[in-house]
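Here are the chains, one letter per residue:
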Amino acid sequence: MTDITNIDDLPIRDELKGKSPYGAPQLHVPVLLNTNENPYSLPDDLVARIAERVAEAARNLNRYPDRDAVELRTRLAAYLTGSTGHAVTKEQVWAANGSNEIIQQLMQTFGGSGRTALGFSPTYQMHDLISRGTGTRWIEGPRNEDFTIDEDAAVAALVAERPDVLFLCSPNNPTGTALARGAVERLYDAAQSVKPTLVIVDEAYVEFSHQPSLLSLLDGRPLMVVTRTMSKAFGAAGLRLGYFAATPAVVDAVQLVRLPYHLSAVTQATALAALDFTDVLLGYVEKLKSERDRIVTELRTMGLEVTDSDANFVQFGRFQNTRAVWQAILDQGVLVRDNGVPGRLRVTAGTPAENDAFLDAVRTAIKEL
Ligand code: PMP
């Protein structure tokens, strides 16, 4: 028998061959600005509330959790309604372990063998990987030079490729680009005119946007889904809680693929405690938005090309030798992300002190190289 020493030696599925697992390097340096996390740890009174709610949940850990997470979905629906002004009910909301799992459940339901998903590159790599992981053919449409979506080219791609699922990411990772409401309306209509197409609008970063949420577009668009997460604005990446809003039939449909009791009682209790502190946590978002805008301005003052950002991160360049700039910034103790976009790097907005360290590191890096 031949030795099996790595993935390539294994009879894995064709669509996974040659792909790399998703994940940024986890290096131990003083300033970590590479994974779009919220730099503020949870306030002490929230930590105490989590401990209380988890203790209550622990008493019943001999039982399975609420399989339908009704209390949590009710609170998430109230958050969406309160923060966007667009009424959403618990029947329209579904929750899972991070929005990655949400996207996976949607793709298990609406993608799969013989089906196609379309996204616009560069975009969040997990849209591609989850599509492949669920046996869905993944195709990429182009973006303009400024990373906005070329609407005419997008409509042409919808007509040519006839996808079953269309991914729109607003604000887009890794570019920070928000989609105009009119563009989403046009692409939704164009997709439906070809065939019934699930349109997933990934709003993981929307709380940081200068633009309002696209949630109200759900009205009259039964095949639109808006995905959200508590990993960014709620500063709870370690919690693993993502959710979506859509017409209730879409929530019913994902019940066919979700694992029973997928959301542990501890997760549900922790998320409920965090939602009690929504106002405090969204206060940090305001600080991060102004820090994000400061980073954009200061990088532009250095003469760099900076993509307009509606997220908690900023894409900047252009560099001849992107890897060397990444390394020069790292040598000064600051970790940023190379997403493979030619000539560009991405930095997450951190605390003011972390951002100062980053800006100093860039000044030094571009002087040296
Ligand atoms: N969507 C986008 C656009 C993201 O950037 C991320 C996280 N990097 C996610 C979804 C997934 O977030 P989570 O699973 O932590 O909710």
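So, how was this worked out
Residue positions are given per chain, counting from 1 as you read along its sequence in written order. Where totals are concerned, whole chains, interfaces and linings use all residues; where local detail is concerned, this predicted model gives features only for residues with pLDDT of at least 70, and gives and counts side-chain atom pairs only at 80 or more. Placing the C-beta atom from the backbone, one calls a residue near a molecule or strand if that atom lies within 6 Å of it. Helical segments are the DSSP runs of H or I of at least four residues, strand segments are the runs of E of at least two, and each set is numbered from the N terminus. Field definition: a residue is buried when 20 or more other C-beta atoms are found within 10 Å of its C-beta, exposed when 12 or fewer are, and partly exposed for counts in between, with C-beta atoms placed from the backbone. Note on contacts: each residue gets a C-beta atom placed from the backbone, and two residues are in contact if those atoms are within 7 Å. UniProt positions are given in the numbering used here, feature names are shortened, and annotations may be inferred rather than shown by experiment. Boundaries of every domain are those given by an automatic assignment or by a domain database. Three classes are used, and their members are as follows: Ala, Val, Leu, Ile, Met, Phe, Trp, Tyr, Cys and Pro are nonpolar, Asp, Glu, Lys and Arg are charged, and the others, Gly among them, are polar. A pair of strands counts as paired when DSSP detects no fewer than two bridges linking them.

The full set close to the ligand counts 13 residues, and Gly 98, Ser 99, Ala 204, Thr 229 and Ser 231 are the nearest of them. Per-element tally for the shell around the ligand: the top contributor is helix H3 (residues 98-110), with three residues.

A word on the environment of Val 184. With respect to the helices and strands, the residue Val 184 is situated in helix H6 (residues 181-194). Note on Val 184: 19 C-beta atoms within 10 Å, which makes it partly exposed. Counting along the chain gives 53 residues from Val 184 to Ala 237, while the straight-line C-alpha distance between them is 28 Å. Sequence-distant contacts of Val 184, defined by excluding residues within four places in its chain, comprise Leu 168, Leu 179, Val 201, Leu 214 and Leu 217.

We now examine unusual backbone geometry. Between Ser 170 and the following residue, Pro 171, the backbone shows a cis peptide bond with an omega angle of -5°. The residue Pro 171 is located in the loop between strand S5 (165-169) and H6 in this model. Between Gly 317 and Arg 318 the backbone carries a cis peptide bond, its omega angle lying at -20°. With respect to the helices and strands, Arg 318 occurs in the loop between strand S10 (313-317) and helix H10 (322-331). With a phi angle near 50°, Arg 162 is a residue other than glycine that sits in the positive phi range.

Quick look at the UniProt feature "domain: Aminotransferase class I/classII large" (unreviewed entry) in the protein now. The UniProt feature table records "domain: Aminotransferase class I/classII large" (unreviewed entry) at residues 31-361. Taken end to end, residues 31-361 is 43% helix and 15% strand, and its first and last C-alpha atoms sit 11 Å apart.

You can read the domains of the protein as domain 1 (7-42 + 280-368) and domain 2 (44-277). Its C-alpha centre places domain 1 at a distance of 23 Å from the equivalent point of domain 2. At the level of elements, helix H9 (278-301) and S10 are the ones that each hand at least two residues to the side of domain 1 that touches domain 2. Sort the elements by how many residues they give to the side of domain 1 that touches domain 2 and H9 lands first, with eight residues. Residues belonging to the side of domain 1 that touches domain 2 are distributed by class as follows: 14 nonpolar, seven polar and eight charged.

The buried count for strand S3 (residues 116-120) comes to four of five residues, which makes it a mostly enclosed element. As defined by bridge partners, S3 adjoins strand S4 (residues 137-141) across five bridges and the pair is classed as parallel. Counterpart to Leu 118 in the pairing with S4 is Ile 139. Inspection of the sheet shows S3 paired to S5 by two bridges, in the parallel sense. Looking across to S5, one finds that Ala 117 is bridged to Val 165.

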